[in-house]
Amino acid sequence: MTDPQTPPPVTPRQSDGWLEPGPQNAMAIYILYLVGFIIGITAIVGIVMAYLNRGKAGGFVESHYTWQIRTFWIALLASFVSALLFIIGIGFLLMLAVAVWVIVRVIKGLMALQKNEPIANPQSWWI
């Protein structure tokens, strides 16, 4: 007979790997960045996930987390500058360029991730 005061044993929660550091998590972050063009909050979720998992995955995935973090912050800075430049009329073109830049970086990251390769220069500002 079991004691009604004793709580049931705690079993660890099983996940499918999307939240744990590694390639699946890095892929989820890239996807969140792309979805961020439609639903802006997902990019913020992606940057939080990248910061939480950086330094835990090891191997080639670490370069992807660095790449993702830099992509977010550089895009945010460039978007802010673009918003300021809307006043003189060139902000729209710069915002379009930032969007293309982000999409290219995300696709480059996804392609490298699919090949299990690191990002060649994750500290880069360019593509």
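Further up the page is the structure itself.
The structure reproduced in this document is the subject of the present report. (Residues numbered from 1 in each chain as written. Predicted model: local features only at pLDDT ≥ 70, side-chain atom pairs only at ≥ 80, totals over all residues. Heavy atoms only, no water.)

1. Here we look at the packing of aromatic side chains
Remark: the centre distance and the inter-plane angle together describe each pair of aromatic rings, the angle taken between the planes.
Consideration 1: This model, assessed by the stated rule, comprises two aromatic pairs.
Consideration 2: With a centroid separation of 5.0 Å and an interplanar angle of 85°, the aromatic rings of Phe72 and Trp73 are classed as edge-to-face.
Consideration 3: Judged by its relative accessible area of 14%, Phe72 falls in the buried class.
Consideration 4: On the basis of relative accessible area, Trp73 is assigned to the partly exposed category, the value being 42%.
Consideration 5: A connected cluster of aromatic rings, assembled from ring pairs, spans Tyr33, Phe72 and Trp73.
Consideration 6: Looking at Arg105, its charged tip hangs above the ring of Trp67, at a distance of 3.6 Å from the centre. (Phe/Tyr/Trp six-rings, centres within 6.5 Å; stacked < 30°, edge-to-face > 60°. Buried < 20%, exposed > 50% of the residue type's maximum accessible area, 1.4 Å probe, protein only. Lys NZ or Arg CZ within 6 Å of the ring centre and 35° of its normal.)

2. With respect to the layout of surface pockets
Consideration 1: Approximately 360 Å³ is the volume found for the largest pocket.
Consideration 2: What lines the largest pocket is a set of 15 residues, and nearest its centre among them are Phe37, Ala43, Ala75, Ser79 and Val102.
Consideration 3: For the lining of the largest pocket, the element with the most residues is helix 3 (residues 61–85), which contributes five residues.
Consideration 4: Looking at the lining of the largest pocket, its residues break down into eleven nonpolar, four polar and no charged. (1 Å grid on protein atoms, 1.4 Å probe; cavity = no way out; pocket = protein on both sides within 12 Å on 5 of 7 lines; lining within 4 Å. Points joined across faces, edges and corners; volume = space filled by probe spheres on them. Helix = DSSP H or I, 4+ residues; strand = E, 2+ residues; numbered from the N terminus. Nonpolar A, V, L, I, M, F, W, Y, C, P; charged D, E, K, R; others polar.)

Remember, this is a structural readout, not a statement about activity or role.
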